[in-house]
Each structure stands twice: as structure tokens, then as C-alpha cells.
Amino acid sequence: MDNNVRSCISGLMNDIRRAKPLVHHLTNYVTVNDCANITLAIGASPIMADDIEEVGEIVAMSSALVLNIGTLNKRTCESMLAAGKTANELNIPVVFDPVGAGASKLRNETVRMMLEQLTFSVIRGNMSEIRFIAGLHATTKGVDASEADLENSLQSGIEIASVLADKYNCAVAITGATDIVSAGNTTYCIENGHKMLSSITGTGCMCTSLIGSFCGVAVNKQMAAVAGLLCMGIAGEAAFEYAGQNGNGSYRIAVIDEISKINAQTIQERAKVYEA
Amino acid sequence: MDNNVRSCISGLMNDIRRAKPLVHHLTNYVTVNDCANITLAIGASPIMADDIEEVGEIVAMSSALVLNIGTLNKRTCESMLAAGKTANELNIPVVFDPVGAGASKLRNETVRMMLEQLTFSVIRGNMSEIRFIAGLHATTKGVDASEADLENSLQSGIEIASVLADKYNCAVAITGATDIVSAGNTTYCIENGHKMLSSITGTGCMCTSLIGSFCGVAVNKQMAAVAGLLCMGIAGEAAFEYAGQNGNGSYRIAVIDEISKINAQTIQERAKVYEA
Amino acid sequence: MDNNVRSCISGLMNDIRRAKPLVHHLTNYVTVNDCANITLAIGASPIMADDIEEVGEIVAMSSALVLNIGTLNKRTCESMLAAGKTANELNIPVVFDPVGAGASKLRNETVRMMLEQLTFSVIRGNMSEIRFIAGLHATTKGVDASEADLENSLQSGIEIASVLADKYNCAVAITGATDIVSAGNTTYCIENGHKMLSSITGTGCMCTSLIGSFCGVAVNKQMAAVAGLLCMGIAGEAAFEYAGQNGNGSYRIAVIDEISKINAQTIQERAKVYEA
């Protein structure tokens, strides 16, 4: 299975680089430049547009839509809902990043509305965010997963992802020391990555942009999510080897470098993915 | 002529570094940091301010105004019009970057209003955006020029730029494999640049910021546009030689590095500019 | 005294890296990514949120609040006031960066309101911004201190900082060739730093984020301000030695690198701080 996954993902990478899918983002202003650059680095084409008057047209020409509530406000929340509805009508895949879910009533209410009104292909969050969505006790600390939530076992994470995947009929990805991607009946675990990824801003958002890029070409959205997380994990490891000792700034640049250089051979040599 | 252009541009670079012109930007939130850093790298001073209550005062103290509709919304569109009008009244040069013109009704209508209500010194876009402004069939793919539009011949681009320059009484710059800068009667072509520039976000926006910086010191706005595109093209080449093999992240940093190091000698050695 | 300051600051750095204080930012969209990354590099945890419906909840879970008016607008000004009031009620330290004070009526009026309605732990600005707050003739040139204002003597800066510190009952930091941090009765001068810091955008904002990070763990807010400026100054020097000759892009990355690597030994070897 492991080798099937590897070759499937290598195929998707080739597809992205050939098709250059347009990935429409409504995202936060903190990491938006990183999201654009990582989308280009994997071979897709980013477009950021958030005015409600144009999001319908922009998403209609796109191959995937990324909704990220990192710096949500009322204006952009409305635009996100409108963009999401158009995407749903047109069968364009929507990837949802519920940044900071659990941290404020506004975020919680926004997440609730999004889940009610939109159909997602993939939901990606950290353990605190996904636990919040699952209705479990979550102790979100700002936009990072809390220590308490991280202490829950891998098995518990797999169960939560699996239940949510069934409930929302989509792939659910939880990023952490071990990444989890469940489609309900099948769940993959990814053991790539490096803890230094948490020392730079935007690695979660960039994961979501990578998943969006893969969704722009993949029929199997769970595999798109696995591919996105695997690429980020491998890039995080390779970047550490190459530039980790230089410090956070160099490491951040190296992550983008590694994404732009990732290929079938890198996947073959480094991927640590297994079915749970 | 070629040597005249080179020495003219070297002179303008010295002028920027001596005068440090303040360049007011109303621009998008995706590449705004890159725009600020490239403005500093060429030796000018960026200021970003977009509230309608202050744009008049800010532009009045500036040497040039850059209007970029990359992530336009109704609030900032109004501010752009107000800033542009003040700049026009005070004879402060205005550079327009019609990002994604052709991609949505909102963008098209905004571009139409800007062209009707404001006088520009330079308009810079890719082939799809400029073709849209020319009223020709354009097939904008998000914020990048489409393959179809790029297949039009250089001669066709020169004609479009020339006609628009006459119509709007300004310099019109089309960036692509060969850059075109027309003032109507005279047109320059620039053959510097590297295709890796299209693998990082914001190179178009950064070109426009460089043109804005040169407009802050240049009497001849066509020459300011040539200077901006030439600097970006040369930096793109030099950055590729220095860091291209490291990947997209390093390349992006190297482009800013090269802009900050560009000088009369680099221009003399590398510039490939000719009158069409 | 000098050695006491050094060991105090080394202690605060350890505290940050142990406690990882959450630092809530309402800041500008130009340098927000740099602010997030430098907050992470020093060991704290950034969160950016600016909708008025959630700022109260977000600041309540934070250890410090940074208010930066770099790209202010009416919506975010209201959010800044609301966040600041909640922080004041909860005794959460608030750091204020009056970017461009003096450059427009909107900025001046906003600064006046902030100073009237909120209590700050630290105010940090350049000489023009702080002179504006002091009601002195200031000649703000955009967001940078003007040449004229910089020609005022160090002694004059110390007096201004000291008077304002008494007036607003907080620490006042003026960044420049020599940084000044006054709490009224005591004032420190810092002679670290490098002029290349002014060739990249956001070094002022990043200083403020570092001060916010130190305020998240320090009882003595003047010492938090000294620590923030000292770290930036030392990183600016070390980054120049390491990467200055490569150009502005590399230098910017190296500044973040050096902040992430700064430690007690670096402080011991490089700090040039004295009581005025």
C-alpha cells in the first residue's frame, strides 16, 4: 500500500506541474505571501481575491478553493461563504482551514456556519482545532494546538478524524508529530516532518495551500491531503538538514526551496506513510 | 541609443539613491512586503497607506504613487481613486498595475473607472491585462498572462502598447519574455529577465514598484519604466546564476539581493535594451 | 549596572523560551509576517486577530498586546481601542507603535485617542514619531524619521523620552543610531545596531514585537523594552557580518536567523548598554 501511495503522489505532482491548476485562496494577511509562494513552488498557480463582488467569478475559473479563517472579519467571512457556495455548485473542491477554532466565539460561530452551509473536500487543522470541530473539550492556545490536546494519543486522533470524515463526508487531516488523514473507512498516518516547522509562521496554512493545489488535480481528495502533508513533512526534514542550523529565517526559505525541488525520487526515498 | 539608455538609467539609479523618493503604494496584501523591500533595495522609501481619510495627505508628501489592484475591494478602490486624483492635481506621477484585468467584472469596471478618472504616467501589466485594456480579446488566467495571449507576436505587443500609450498619453509597459515599453512614437524592448521570475509571487508587482521608484526622480516616465523593467530583468538573471539551483525560496531572496547591488557597471554589462 | 542589565535580559530570554507567551498583535499588513516570525524566533507565540467581535477574547488569553498603526483604517482603529481597553482591565501589558505619527491627521488623531483612552506599558517609535507625541516640531517623512529630527542631540532625545515616560507613566523607547529607553527617573542607552537595518522594511515593527514578547514575561517593562531593542541591535550587527555583503534580501533573513540564535553568551559578548 505504501508503495502505491508513493507512486500515486508522484503522479499527482506531475499532474500539478503539467496542469498548473489555479487555486483560489481567501486567506489571512499574515501568511498569504507564503501561501502564494508555496502554491507556485509545488507547481500550481495561486490567486487571492476576497471581494464578494468577484469571488464567484474567480472561483469559477479555478480548480480548487482554499478557505482559511486566520484573520477573519465580517467582510471576508461573507465572501468565504459566497465563494464556497459557488464552488459547491460547480463541483470545485473546497479545502477548509479552521485556524484558531475554539479561540473565540466569532471563530467558533464562523466554523459552525461554514460546516453547515458548505461541503468540503478536505478539512485540515491541528489537534485543538479538529477537537473543537468534533465537539470535544479543546484548549486552543491562540492558533497553535495546546500541550494538553497534543497529549491525546495517536489512536484518539485517528478516531476523531475518522468520525468527522464520516460526518462531513470529506477527508479530515490533523497535522502534528504524526499527521493523520482520514476518509472514514481508511486512514493514513504520515511520520515525516520536523519540529522546527513549528518555529516559523504559516506552516499550517502552507499545508492547506499544498492540499488545495493537489485537490486541483486529484480525483481522490484523501490522497490529495496525504500528498500535501507528505510534501510539507519531507520539505521540513530536508530543509532542516540543509539550513536548520542557520536559524529560523534560513529554515523558512529552505522549506520553500525543498517544495520546489521535491520529485518522485524524494518521495520514494523519504516518505513515511502507512495505513492506520 | 542603447548606450544613451544605459547611461540615462545609471543616472536615474544614482538619483534614487541620493534623493530617496517617497513612493506611496496602495497595493495588495499578498506581495506588499516584497514591494516595500524592493523599493528600499533600489534606494527609494516606501509608504503604504490606504484609508481614504489620509491618502490625500500621504500622496501629497510623496514623489510617486503606485496603484495596484491585486486584492481590490470597494474600500480600497475608493481610496485609490482619491489618492490618484490628488496626485494628478499635484503633478505627482501615478503608476498603475491593473492586476487581473479581464478576470472579473469588478476588476474590469475598476480598471475602466481608473482609466476614465485618472491620468497615469505609466501603466504596467502582462500581455493579458494590457490586451484587456486595449479592448482586445484577452484570456486572463487569474493574475497570470494566458498561454494564448503570450502566443501573440512581439510585433503585435508593440503595436498594442503604442496605441494605448497614445490613447492614454502615458508610457505603457508589457512584461513578458521580451518586455515592451512604449510612449507611442518611441518603443523600447528589453530582453533581460529569466523564466524563473514567474515561479515566485509578486515579480509583476515588484516591477511596478521599481517603476514607481524611478518615476519619483525621472522626468521622462518612459525611461523610468524602462529602468524599472531592466533592473528587474537583470536581477532575475543574476539571481538565477547565484541561487536558482537552490530553489524558489532562495531565488526570491536573491532577486532582492541583486536589486540592492545593481549599479552602473551591472547595467553596462548586462542590459539588453533596444529601440523597436 | 551594565552586567546586571545583561544578566537580567538573559534571564528574560530564558523566560520567554520557557513560557512561550502569546503575543496578540493588531498590526499593519506590510510587515505582519515579519512580526509573526520574529515573535516566534525569540521564542514567543504570535496571534494576529483584528475583528472587533473577537479581539477582547483573544487579548484575554494573551500575555501581551501589540498595537501598531502602520496601515491603520477606521475598522482596525476601533478594534485596537477595544483590545487595548480589555488589556488594561486585565492588566495585560500593551505596547504601542505609533507608526507615521505626524504624517496625517488620521494618524495624529488616532495617536491622540490611543494616548487618552489607553494605558501603555511601552511606547516605541523613531525620533520623529516620539517628537510628534511630545508635541514638538516633528518633520515626519512618511514612516521614517526625518534627517532634521535625527540631528537633534542624544541628550535632547533622552530628555524627551524621560518627560513622556513620566507623563504617560510608561517606558518610552526611541530607536535610532543610539536607542533610548526611559522610565522617567532612569534611562538606558543602547549602542548596538547597524545602519543596514534601515534598508529593510519592518525593523521598527519587529522591535515592537520583540518588546511585546519580553513584556509577556517581564515585570519591569523598561527592561522588556531594553531587551527587545538590544536583541534587534545585536541581531542587526551579527546579520551584517554574516550576510550584509550578499544584499538586502539575505540580510533580512539573517536578522531573523540571529534572533532565533541569540543567547546569554551573545548578550554577554555584544551588548553595549549603559545608564544615561
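Residues numbered from 1 in each chain as written. Chains lettered and ligands numbered in written order. Predicted model: local features only at pLDDT ≥ 70, side-chain atom pairs only at ≥ 80, totals over all residues. Heavy atoms only, no water.

A.B. asks: I keep staring at the overall build of chain A and nothing clicks. Help me out?
C.D. replies: When its secondary structure is counted, chain A shows 12 helices and nine strands. A compact globule built from 276 residues should have a C-alpha radius of gyration of about 19 Å, and chain A, at 17 Å, falls within 12% of that. In terms of its C-alpha atoms, chain A occupies a principal-axis envelope of roughly 45 × 40 × 40 Å. Of the contacts formed within chain A by residues at least 6 apart in sequence, a portion of 72% connects residues at least 24 apart. Accessible area for chain A stands at about 9200 Å²; split by element, carbon and sulfur atoms hold 50% of it. Side-chain charges of chain A comprise 20 positive and 28 negative groups, with the mean position of each set lying 2 Å from the other. (Helix = DSSP H or I, 4+ residues; strand = E, 2+ residues; numbered from the N terminus. Rg over C-alpha atoms; globule rule 2.2 N^0.38 Å. Contact = heavy atoms within 4.5 Å. Areas by Shrake-Rupley, 256 points an atom, 1.4 Å probe, with all protein chains shown as cover. Lys, Arg positive; Asp, Glu negative; His and termini not counted. Charge placed at Lys NZ, Arg CZ, Asp CG, Glu CD.)

A.B. asks: Mind showing me how you'd approach helix α5 (residues 105-117) of chain C here?
C.D. replies: Residues and elements named next belong to chain C. Counted at 1.5 Å a residue, the expected span for α5 with its 13 residues is 18 Å, and the 18 Å between its end C-alpha atoms agrees. If you check which residues of α5 are buried, you get Leu 106, Arg 107, Thr 110, Val 111, Met 114 and Leu 115. Buried residues of α5 fall within an arc of 160° about the axis and therefore sit on the same side. Of the residues in α5, the exposed ones pointing more than 90 degrees away from the buried face are Lys 105 and Glu 116. (Expected span 1.5 Å × (residues − 1). Buried < 20%, exposed > 50% of the residue type's maximum accessible area, 1.4 Å probe, protein only. Arc of directions from axis to C-beta.)

A.B. asks: I'm lost on the pairing of strand β7 (residues 179-182) of chain A in this one. Help?
C.D. replies: Regular strands place side chains that alternate from one sheet face to the opposite one. Residues and elements named next belong to chain A. Residue alternation in β7 divides its side chains into two sets, Asp 179 and Val 181 and Ile 180 and Ser 182, and both sets are buried. Here strand β6 (residues 171-175) pairs with β7 via three bridges, running antiparallel. Its bridge partner lying in β7, Ile 174 is registered against Ile 180. The loop that links β6 with its antiparallel partner β7 comprises three residues. Summarising the sheet, β7 and strand β8 (residues 187-190) pair through four bridges and their orientation is antiparallel. Its bridge partner lying in β8, Asp 179 is registered against Ile 190. If you look at the hairpin formed by β7 and β8, you'll find four residues sitting between the two strands, and Gly 184 has a positive phi there, around 95°. (Pairing = 2+ DSSP bridges.)

A.B. asks: Looking at this model, I keep getting lost on the pattern of salt bridges. Mind explaining?
C.D. replies: Any two side chains of opposite charge can pair if their charged atoms end up close together. All names here are of chain B. One pass over the full model with this rule turns up 30 salt bridges over all chains. The closest approach of N and O atoms between Arg 124 and Asp 97, which form a salt bridge, is 3.0 Å. Of the two residues, Arg 124 is situated in strand β5 (residues 122-126) and Asp 97 in strand β4 (residues 94-97); the sequence distance between them amounts to 27 residues. Note on Arg 124: relative accessible area 4%, which makes it buried. (Salt bridge = Lys/Arg side-chain N within 4 Å of Asp/Glu carboxyl O.)

A.B. asks: Explain the sheet that holds strand β8 (residues 187-190) of chain C here, please?
C.D. replies: Note: strands within a sheet are paired through backbone hydrogen bonds, in either parallel or antiparallel orientation. Residue and element names in this part refer to chain C. Read from one edge to the other, the open sheet built from nine strands follows the order β2-β1-β3-β4-β5-β6-β7-β8-β9, with strand pairing classed as mixed. The strands lining the two open edges of the sheet, one partner per strand, are β2 (45-48) and β9 (273-275). Within this sheet the neighbouring strands show an average axis-to-axis angle of 20°, counted without direction. Pairing analysis gives two bridges linking strand β4 (residues 94-97) to strand β5 (residues 122-126), with the strands arranged parallel. Within the sheet, the bridge partner assigned to Val 95 lies in β5 and is Val 122. On the sheet, helix α2 (residues 32-42) packs against β1 (22-26) and β2 and is oriented at approximately 155° with respect to β2. (Axes fitted to C-alpha atoms, helices over the stretch in contact; angles between N-to-C directions.)

A.B. asks: Is there a simple way to explain empty space enclosed by the protein in this structure?
C.D. replies: Where empty space is left becomes clear once a probe the size of a water molecule has been rolled over the atoms. Here the structure, examined in full by the defined rule, presents three cavities of 30 Å³ or more. Considered as a void within the structure, the largest cavity measures approximately 110 Å³ in volume. Along the wall of the largest cavity there are 18 residues; nearest its centre are Val30(A), Asn33(A), Asn33(B), Val30(C) and Asn33(C). Within the residue set of the lining of the largest cavity, elements represented by two or more residues are α2 (32-42) of chain A, α2 (32-42) of chain B together with α2 of chain C. (1 Å grid on protein atoms, 1.4 Å probe; cavity = no way out; pocket = protein on both sides within 12 Å on 5 of 7 lines; lining within 4 Å. Points joined across faces, edges and corners; volume = space filled by probe spheres on them.)

A.B. asks: What should I look at first to understand the interface of chain B and chain A in this one?
C.D. replies: By a widespread convention, an interface's size corresponds to the accessible area lost as its parts come together. At the junction of the two partners, chain B supplies 30 residues and chain A supplies 32 residues. Buried surface at the junction of chain B and chain A, summed over both partners, amounts to about 2400 Å²; 50% is from carbon and sulfur atoms. Joining chain B to chain A, the criterion identifies two salt bridges. Of the charged contacts, one joins Glu53(A) and Lys74(B) as a salt bridge, the two residues approaching to 3.6 Å between their closest N and O atoms. (Buried area = accessible area lost by both parts, 1.4 Å probe.)

A.B. asks: Explain the pairing of strand β8 (residues 187-190) of chain B to me, please; I cannot follow it from the model alone.
C.D. replies: All names here are of chain B. Both faces of β8 are covered, namely the face carrying Thr 187 and Cys 189 and the face carrying Tyr 188 and Ile 190. The sheet contact formed by β8 and strand β9 (residues 273-275) spans three bridges and is antiparallel. Paired with Cys 189 across the strands is Tyr 274, a residue of β9.

A.B. asks: In this structure, what is going on with the environment of Ala235(B)? I would like to understand it.
C.D. replies: All names here are of chain B. With respect to the helices, strands and loops of the structure, Ala 235 is situated in helix α10 (residues 221-243). Since its relative accessible area comes to 1%, Ala 235 is described here as buried. Separated by 14 residues in the primary sequence, Ala 235 and Lys 221 have C-alpha atoms spaced 21 Å apart. Leave out the neighbours within four places in its chain, and Ala 235 touches Val 255, Glu 258 and Ile 259.

A.B. asks: Would you mind going over the sheet that holds strand β1 (residues 22-26) of chain B with me for this structure?
C.D. replies: Residue and element names in this part refer to chain B. Read from one edge of the open sheet, nine strands run β2-β1-β3-β4-β5-β6-β7-β8-β9, paired in mixed fashion. Each edge of the open sheet is held by one strand with a lone partner, namely β2 (45-48) and β9. Within this sheet the neighbouring strands show an average axis-to-axis angle of 20°, counted without direction. The sheet contacts of α10 involve β5, β6 (171-175), β7 (179-182), β8 and β9, and relative to β8 the element is tilted by about 5°.

A.B. asks: Would you mind going over the relation of the copies chain A and chain C with me for this structure?
C.D. replies: In this arrangement, two copies of a chain are superimposed by a rotation about an axis accompanied by a shift along the axis. When chain A is fitted to chain C, the best match, at an RMSD of 0.0 Å, comes from turning it 120° and sliding it 0.0 Å along the axis. When the rotation and shift are considered jointly, the pair of chain copies conforms to a three-fold rotation axis. Judged by C-alpha distance, Tyr29(A) is the residue of chain A that lies nearest the rotation axis, at 3.6 Å. Little of the interface of chain A is mirrored in chain C, where only 10% of its interface residues again form contacts. (Least-squares fit on C-alpha atoms with pLDDT ≥ 70 in both.)

A.B. asks: What is the right way to read the side chain of Thr71(C) from this model?
C.D. replies: Here Thr71(C) lies in the loop between β3 (64-68) and α4 (74-89). A polar side-chain atom of Thr71(C) sits 3.2 Å from the main-chain amide nitrogen of Tyr29(C). With residues up to four places along the chain from it excluded, the contact list for Thr71(C) reads Met48(B), Asn28(C), Tyr29(C) and Val30(C). (Polar contact = N/O pair within 3.5 Å; in protein donor to acceptor, adjacent residues only side chain to side chain.)

A.B. asks: Whenever I open this one, the interface of chain A and chain C confuses me. Can you help?
C.D. replies: Contacts between the two partners involve 30 residues from chain A, matched on the other side by 32 residues from chain C. Where chain A abuts chain C, roughly 2400 Å² becomes buried across the two surfaces, and 50% of that area is made up of carbon and sulfur atoms. Linking chain A to chain C there are two salt bridges. Where chain A touches chain C, the interface holds 14 residue pairs in polar contact (both at pLDDT 80 or more).

A.B. asks: Sorry if this is basic, but what is going on with the packing of aromatic side chains here?
C.D. replies: Describing an aromatic ring pair means giving the distance of the ring centres and the angle of the ring planes. All names here are of chain A. Counting across every chain of the model gives three aromatic pairs over all chains. Look at Phe 96 and Phe 120: their rings are 4.7 Å apart centre to centre, the planes differ by 10°, and that puts the pair in the stacked class. With Phe 96 in strand β4 (residues 94-97) and Phe 120 in the loop between α5 (105-117) and β5 (122-126), this residue pair connects regions lying 24 residues apart in the sequence. Assigned by exposure class, Phe 96 and Phe 120 land together as buried. (Phe/Tyr/Trp six-rings, centres within 6.5 Å; stacked < 30°, edge-to-face > 60°.)

A.B. asks: Help me understand the relation of the copies chain B and chain A, please; the structure alone is not making it clear to me.
C.D. replies: Mapping chain B onto chain A leaves a residual RMSD of 0.0 Å; the transformation is a rotation of 120° accompanied by 0.0 Å of translation along its axis. Mapped onto chain A, only 10% of the interface residues of chain B again fall at the interface, so the copies present different surfaces.

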